[in-house]
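If you want the building blocks of each chain, they are given just below.
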Amino acid sequence: MVRRARDPDGGPARGGGERETHVGVDAGRRAPIPRDDAPEGGIRPERRVRPATLAFSFLGSAVLWAIHFNLVYFLNTLFCSGGWGSGDVVVMLTAVPFGAASAASGIVAYRKWRELRAGRSLRTGLVEHGGRSSVLLVMGIAASVLFTLLIVLESFAPIYVPSCPEVRP
Amino acid sequence: METGTAPRFDTHRYFVVDEERSREFERVWGAAGGILGYLREINNIPIAQRYIFASFAFFLVGGAFALLMRTQLAVPENDFLDPRTYNQLFTMHGTTMMFLFVIPFIEAVANYFLPLMLGTRDLPFPRMTTLALWTYIWGGLFIFTSFLFGVAPEAGWFAYVPLSNREFSPGLGMDFWDIGLSVAEIAAMGAGAELLIAVLRMRAPGQALHRLPIFAWAMIVFAFMIIFAFTPLIVGTLMLELDRKALTSFFVPENGGDPLLWQHLFWFFGHPEVYIMFIPALGMVSQIVPVFARRPLVGYPLIVMALVAIGFISFGLWVHHMFATGLSPTALGFFAAASLLIAIPSGVQIFSWIATIWTGRPVWKTPLLFVAGFILIFVMGGVTGTMVGSVPFDLQVHDSFFVVAHFHYVLIGGVVFPFYAMLYYWLPKVTGRLLSERLGKWQFWMMLISFNVAFFPMHFLGLLGMPRRVYTYEAGLGWDTLNLVSTIGAWAFGLSAALIVVNVVWSLKRGKPAGANPWNAGTLEWWEPSPPPNAQFKFIPFVRSREPLWDQETLGPLPEEEHEERLMEPLRSAPTRWRGALVVSVLDARPIAIVQMPRSTIWPFVMSVGFVVTFAGLLLENLWILGPGLAIIGISIIGWFWPDKDQDAAIEEIGTEPGPGKLPLAVAGPISNGWWAMLVFLLVMATALATFIASYFYLGDGPGWPPVAPPARSATLATLAAALLAATTYLFARGVRRKNLRARRIGLIATTALALAFLFPAYGAWTELGLRARESAYASAVVTILGFEWLMALVMLVLLGGAIAWAFTKPKDPRGDGIAFLAELQGYFLAASWAVVFVILYLLPRLW
């Protein structure tokens, strides 16, 4: 349970308002700096996530979207200017590997987040919910949903509009 | 309320300090007096104040231009301004607001508050901050001096080709714009890089990524966006200037060039630019809302995700400024999808702020009112944004006043209102005095109402067919009343926006003392006294929460943190002989090193003068001006990097080797800030090369491209030299790491010989083509790419010169190792970039 009392209107002009206190827990004063990789003072730290996994979970979908975006723009221009047909199927097929990989980053993030979440109750001395990795993984899950949607929508643009500019005589 | 008192935490044992040491600490970080002292100042607090003042002055001038334009449009067939002056005003209004106000203002605020929020004593490169300030001021004044000569630019802030080429914009006006803008943008990039390294590496211990203030996250995204967006603009303006000087043909259709390339380059910068301005504003709002809602921000991870996502997606929107240029419908579909979906992360933040206010106990002070105004106006601008993101609708309202209304709702609502919120929130920290609440509330309501009076009618003007960028219009088209209303609103808005000046003056004379934390906020900037001293964070705080002033009993170390406290012992109210700060690990903010910060110096100012003289020489094509300018730059580089006594003292006191219970001094390699700055520099260079190569491919579908398979004899020799250079670079770097002086010296000399050898075939690769750049877009693209490689080789030679000087004079000095590691990075980059260039310019054409 958390009790907060802060009032921008009043209170002394000093470092902070009333401290947030966690009833029943010796909060703040006893809490070590939580770190993912360094056990401290008997409190089990958040389990470590490998940097590569963390990077893929956090930024993987965004980077995949950036690559996919440039790729479909390039493919469209290439097919239209090269006179090799519209290339619609090729553009749409790009959704499969890129969409799957983008979704995979979210799935990995979710699985890792579940693992970390299981250990969270041991860290109730902290004022915050979850450590560094947990927060980055939550961001990764949300980003994966957004960028997978974007990849799919862009890949299927040729369904709705003609692929190449109209050539005027 | 008390003023300037230390917060309650000073009773903790951690903060008991020897007063003599404390005074010495303040002296070392203090400012010198007099005019020379003013020019030598590099501390972030006074430099940021000057930055804020200069950018706000440009804001007032840019606003005055807008009022003159609105006065001209108040009635039909008005002759208050002639067409040329009107064109100059709308060009300079956009240029001033975009380049000389918003970005510098954001960087100024970040320069001031980021170190305070992060619990660090200064930014990592204070001399760079100072150089950026002066260069920005000179660049801005450089553009404005064009008015004095009656040649102000008049091709719009977007400078579309062919309107901006020499044929349609003769004279020096666009040259002023091109060169002045490049100067200001280089300054902005320097400041951006510094802010990035500050957030990543200079924080209080414990301030891990998940505890960063949202504003700091926003600045990470902001800095990356600046690197990737501003570089193409600078490359584009370079191409434009070369075309204007009749040296190249990038945008000349009869020589194989393409004017649309300019639009691609400009809007690849221009659209992310909107978000570059907007993202820091979002960060500011996320700082303000929790304080006045009296609860932590709802959805911290989602807000950060939204900032990062906006940063990415904003680079996939640029073509929505070019929907009417005849691109393929499918390509328009890609950009329309991105334009519409960026509303999702934007909406996430809006809902998060609303939820925070909804579930909190809001206190409706002026900053929160401006935030509410921002939400209202920005949502309206966002709705029209999704409308123009749709291709059919955009084609209907393209280049009409509807678009003017849309982007002013976004920019004023999304940027200026948060700026005012921020001013009311943070100015008490800067001045030490509270602003008038009553005047603030009056100002808010006046701005909110007058803004809508000024800009809402423009939607209807656009739908009624009024085009933008026209200096007058005929009567009887149904536009008269709406224009008059809009002008009245604009004047009211201008006057109400200027009320902040009145409020600041009132506050300085009569405002109540603010105390350290007048709002009872939770982030670290409110721990230091108001105004904060130059010598900030005498005691480095320990962070265990996103809002440490709310959640922590003490900012001192807990028993579990005594190990880290001992590590930081040299920084505890010390060192006293030199300026020292803490370097932490990127993810977890664990102390990893101590860094020696430079003291006041004149060289950043001198270098900025060198820049402006050099650019004046380029503008006037006068070697007698250009030569001295380059000489000043060269001298100031030497002065800048000349070893000083502080460095000697720091190395002597701390040493560069880590030991048990001891942090090393960060001088060389990945532990040093200079190495990270080199990485950022190379990222910028890689982006520049990518822009050149993208332009090469874009122009590549022109007639007769490439004319023949280019001769590759010299290029092959250059490739051989580059490959050997990579190998010798590895050898000298290994020599440095293993303390093998012989290998280091031989490796450095061999690498220097190879870098020199590289220059000749790289030049031959150009002459073998036998083409003149002014007559062929292909040759223009090739010569700029090869010129880029030449420049990289020259940078390599400069670094190698420094590394050799250290290796032969003071081989044991760690500063020599530092410059050798920078040369190592540059060496690998030179070799890799040349390999890419060789494949693209010389191998691919043989496959076509």
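Residues numbered from 1 in each chain as written. Chains lettered and ligands numbered in written order. Predicted model: local features only at pLDDT ≥ 70, side-chain atom pairs only at ≥ 80, totals over all residues. Heavy atoms only, no water.

**Overview of the overall build of chain B**
For step 1, the next point in the chain: Across its full length, chain B carries 26 helices and two strands.
For step 2, the next point in the chain: The C-alpha radius of gyration computed for chain B amounts to 28 Å, which stays within 12% of the reference 29 Å derived for 848 residues, consistent with globular compactness.
For step 3, the next point in the chain: Across its three principal axes, chain B shows a C-alpha extent of roughly 80 × 75 × 50 Å.
For step 4, the next point in the chain: In chain B, which comprises 848 residues, the share counted as buried stands at 63%.
For step 5, the next point in the chain: Taking all contacts inside chain B whose residues are at least 6 apart in sequence as the whole, residues at least 24 apart take part in 81%.
For step 6, the next point in the chain: Just so you have it, chain B exposes about 29600 Å², and 69% of that area is on carbon and sulfur atoms.
For step 7, the next point in the chain: Across chain B, the centroid of the 55 positively charged side chains sits 7 Å from that of the 55 negatively charged ones. (Helix = DSSP H or I, 4+ residues; strand = E, 2+ residues; numbered from the N terminus. Rg over C-alpha atoms; globule rule 2.2 N^0.38 Å. Buried < 20%, exposed > 50% of the residue type's maximum accessible area, 1.4 Å probe, protein only. Contact = heavy atoms within 4.5 Å. Areas by Shrake-Rupley, 256 points an atom, 1.4 Å probe, with all protein chains shown as cover. Lys, Arg positive; Asp, Glu negative; His and termini not counted. Charge placed at Lys NZ, Arg CZ, Asp CG, Glu CD.)

**Topic: the overall build of chain A**
For step 1, the next point in the chain: Across its full length, chain A carries five helices and two strands.
For step 2, the next point in the chain: When the helices and strands of chain A are placed in sequence order, the string is β-β-α-α-α-α-α.
For step 3, the next point in the chain: Contacts in chain A between residues far apart in sequence, at least 24 positions, make up 72% of those at least 6 positions apart.
For step 4, the next point in the chain: For chain A, the exposed surface amounts to about 8600 Å²; the carbon and sulfur share of it is 63%.

**Some details on the domain arrangement of chain B**
Residue and element names in this part refer to chain B.
For step 1, the next point in the chain: Entries for chain B in the domain assignment read domain 1 (46-510), domain 2 (600-643) and domain 3 (688-847).
For step 2, the next point in the chain: Counting the surface lost from both domain 1 and domain 3, the interface buries some 1400 Å², and carbon and sulfur atoms represent 69% of this.
For step 3, the next point in the chain: Contact with domain 3 buries surface across domain 1, with Phe250, Gly256 and Leu261 losing the most and accounting together for 30% of the total.
For step 4, the next point in the chain: Only α7 (214-244) and α8 (259-293) provide two or more residues apiece to the side of domain 1 that touches domain 3.
For step 5, the next point in the chain: Of the residues forming the side of domain 1 that touches domain 3, the biggest block, six residues, is contributed by α7.
For step 6, the next point in the chain: Class assignment for the residues of the side of domain 1 that touches domain 3 results in eleven nonpolar, seven polar and one charged. (Domains from an automatic or database assignment. Buried area = accessible area lost by both parts, 1.4 Å probe. Nonpolar A, V, L, I, M, F, W, Y, C, P; charged D, E, K, R; others polar.)

**Remarks on the packing of helix α9 (residues 300-313) of chain B against helix α11 (residues 343-359) of chain B**
Residue and element names in this part refer to chain B.
For step 1, the next point in the chain: It is at 8 Å that the axes of α9 and α11 come closest, and there the two elements cross at 155 degrees. Overall, the two elements α9 and α11 adopt an arrangement that is roughly antiparallel. When the axes of α9 and α11 are compared, the crossing they make is left-handed. Contacts from Leu302, Ile303, Ala306, Leu307, Ala309, Ile310 and Ile313 in α9 reach Pro345, Ser346, Val348, Gln349, Ser352 and Trp353 in α11.
For step 2, the next point in the chain: A class-by-class count of the residues in the contact of α9 with α11 yields ten nonpolar, three polar and no charged. (Axes fitted to C-alpha atoms, helices over the stretch in contact; angles between N-to-C directions. Parallel < 35°, antiparallel > 145°, perpendicular 65-115°, else oblique. Left-handed = near helix turned anticlockwise from the far one by under 90°.)

**A few points about helix α14 (residues 401-431) of chain B**
All names here are of chain B.
For step 1, the next point in the chain: The largest bend in α14 comes to about 40 degrees, at Tyr425, with the proline Pro428 one to four residues further on.
For step 2, the next point in the chain: The element α14 is largely enclosed, with a buried count of 29 among its 31 residues.
For step 3, the next point in the chain: Immediately beyond the C-terminal end of α14, within one or two residues, lies Gly432, with a positive phi of roughly 85 degrees. (Bend = angle between axes of the 7 residues up to and from the residue.)

**Looking at the pairing of strand β1 (residues 579-584) of chain B**
Residue and element names in this part refer to chain B.
For step 1, the next point in the chain: With six of six residues buried, β1 is to be regarded as a mostly interior element.
For step 2, the next point in the chain: Of the pairings in the sheet, the one linking β1 to strand β2 (residues 591-597) comprises six bridges and is antiparallel in character. Counted as the bridge partner of Val584 is Pro591 from β2.
For step 3, the next point in the chain: Turn length for the β1-β2 hairpin, with the two strands adjacent in sequence and antiparallel, is six residues, and the turn residue Ala589 shows positive phi of about 55 degrees. (Pairing = 2+ DSSP bridges.)

**What about the confidence of the model for chain A?**
For step 1, the next point in the chain: Residues with a pLDDT of 70 or more make up 62% of chain A, whose mean pLDDT is 71.
For step 2, the next point in the chain: This model gives residues 1-45 of chain A a pLDDT under 50, and the stretch forms 131 contacts once residues within four places in sequence are excluded. (pLDDT = per-residue confidence, 0-100.)

**Examining the side chain of B:Gln552**
All names here are of chain B.
For step 1, the next point in the chain: Turning to its location among the elements, Gln552 is positioned in the loop between α17 (548-551) and α18 (562-567).
For step 2, the next point in the chain: Accessibility expressed as a relative area gives 2% for Gln552, which makes it buried.
For step 3, the next point in the chain: For Gln552, the side chain forms a polar contact with the main-chain oxygen of Phe542, separated by 2.9 Å. (Polar contact = N/O pair within 3.5 Å; in protein donor to acceptor, adjacent residues only side chain to side chain.)

**Things to note about the pattern of salt bridges**
Residue and element names in this part refer to chain B.
For step 1, the next point in the chain: What the rule picks out here adds up to 23 salt bridges over all chains.
For step 2, the next point in the chain: Residue Glu241 is joined to Lys245 by a salt bridge in which the shortest nitrogen-to-oxygen separation is 3.6 Å. Note on accessibility: Glu241 and Lys245 belong to one class, buried.
For step 3, the next point in the chain: Taking the shortest distance from any N to any O, the salt bridge between Lys245 and Glu621 comes out at 3.0 Å. With Lys245 in the loop between α7 and α8 and Glu621 in the loop between α19 (603-620) and α20 (623-641), this residue pair connects regions lying 376 residues apart in the sequence.
For step 4, the next point in the chain: Take Glu621: its relative accessible area is 56%, and that puts it in the exposed class.
For step 5, the next point in the chain: Connected through salt bridges with shared partners, the residues Arg166, Asp175 and Arg244 form a single ionic network. (Salt bridge = Lys/Arg side-chain N within 4 Å of Asp/Glu carboxyl O.)

**So, the packing of helix α4 (residues 132-155) of chain A against α9(B)**
For step 1, the next point in the chain: With their axes 9 Å apart at the nearest point, α4(A) and α9(B) run at an angle of 45 degrees to one another. Taken together, the axes of α4(A) and α9(B) are oblique relative to one another. Where α4(A) crosses over α9(B), the handedness of that crossing is right-handed. Along its contact with α4(A), which presents A:Val135, A:Val138, A:Met139, A:Ala142, A:Ala143, A:Leu146, A:Phe147 and A:Leu150, the element α9(B) presents B:Tyr300, B:Pro301, B:Leu302, B:Val304, B:Met305, B:Ala309, B:Phe312 and B:Ile313.
For step 2, the next point in the chain: For the contact of α4(A) with α9(B), the class distribution of residues is 16 nonpolar, no polar and no charged.

**Description of the nonpolar core**
All names here are of chain B.
For step 1, the next point in the chain: Membership of the largest hydrophobic core comes to 280 residues, with the highest contact counts inside it found for Trp217, Trp353, Phe417, Tyr420 and Trp426.
For step 2, the next point in the chain: In terms of residue count, helix α4 (residues 83-118) provides more of this core than any other element does, 22 residues in total.
For step 3, the next point in the chain: A domain split of this core shows at least three residues from each of domain 1 (46-510) and domain 3 (688-847).
For step 4, the next point in the chain: Sequence-distant contacts of Phe417, defined by excluding residues within four places in its chain, comprise Phe370, Gly373, Phe374, Ile377, Ile412, Phe444, Met447, Leu448 and Phe493.
For step 5, the next point in the chain: In this structure, Phe542, Met568, Ala650 and Ile651 belong to the second largest nonpolar core, which totals 16 residues. (Core = buried A, V, L, I, M, F, W, Y, C linked by side-chain atoms within 4.5 Å.)

**Thoughts on helix α1 (residues 19-29) of chain B**
Residues and elements named next belong to chain B.
For step 1, the next point in the chain: Within the sequence span of α1, burial applies to Ser22, Phe25, Val28 and Trp29. Each buried residue of α1 lies within a common arc of 125 degrees when the element is viewed along its axis, so the set occupies one face. Those residues of α1 that are exposed and angled more than 90 degrees off the buried face are Glu19, Glu20 and Arg23.
For step 2, the next point in the chain: Elements that come into contact with the buried residues of α1 comprise β1 and β2. (Arc of directions from axis to C-beta.)

**Details of the packing of aromatic side chains**
Residues and elements named next belong to chain B.
For step 1, the next point in the chain: In total, this model carries 72 aromatic pairs over all chains according to the counting rule given.
For step 2, the next point in the chain: With centroids separated by 6.5 Å and ring planes inclined at 45 degrees, the aromatic side chains of Phe56 and Phe105 adopt a geometry described as tilted. In this pair, Phe56 sits in helix α3 (residues 44-73) while Phe105 sits in helix α4, placing the two residues 49 residues apart along the sequence. Both residues of the pair, Phe56 and Phe105, belong to the buried class.
For step 3, the next point in the chain: Summarising the aromatic geometry, the rings of Phe230 and Phe269 are spaced 5.4 Å apart at their centres and angled 70 degrees between planes, so their arrangement reads as edge-to-face. Of this pair, Phe230 sits in helix α7 while Phe269 is found in helix α8, placing the two residues 39 residues apart along the sequence. (Phe/Tyr/Trp six-rings, centres within 6.5 Å; stacked < 30°, edge-to-face > 60°.)

**Quick word on a nonpolar patch on the surface**
All names here are of chain A.
For step 1, the next point in the chain: Among the surface-exposed residues, Val152, Phe156, Ile159 and Tyr160 lie close enough to one another that they form a single nonpolar patch of about 420 Å² accessible area.
For step 2, the next point in the chain: Within the secondary structure layout, Ile159 lies in helix α5 (residues 157-160).
For step 3, the next point in the chain: A relative accessible area of 52% means that Ile159 is categorised as exposed. (Patch = residues over 30% accessible without salt bridge, like charges linked within 9 Å, V, L, I, M, F, W, Y side chains within 5 Å.)

**Observations concerning unusual backbone geometry**
Trans is the prevailing form of peptide bonds, just as negative phi is the prevailing case for residues other than glycine.
All names here are of chain B.
For step 1, the next point in the chain: Residue Pro162 is reached from Val161 by a cis peptide bond, and omega for that bond is 10 degrees.
For step 2, the next point in the chain: Here Pro162 is to be found in the loop between α5 (126-148) and α6 (173-201).
For step 3, the next point in the chain: Omega for the peptide link from Ser530 to Pro531 comes to -10 degrees, which places this bond in the cis form.
For step 4, the next point in the chain: Along the polypeptide, Pro531 turns up in the loop between α16 (480-510) and α17.
For step 5, the next point in the chain: Residue Ala159 is not a glycine yet carries a positive backbone phi of 50 degrees.

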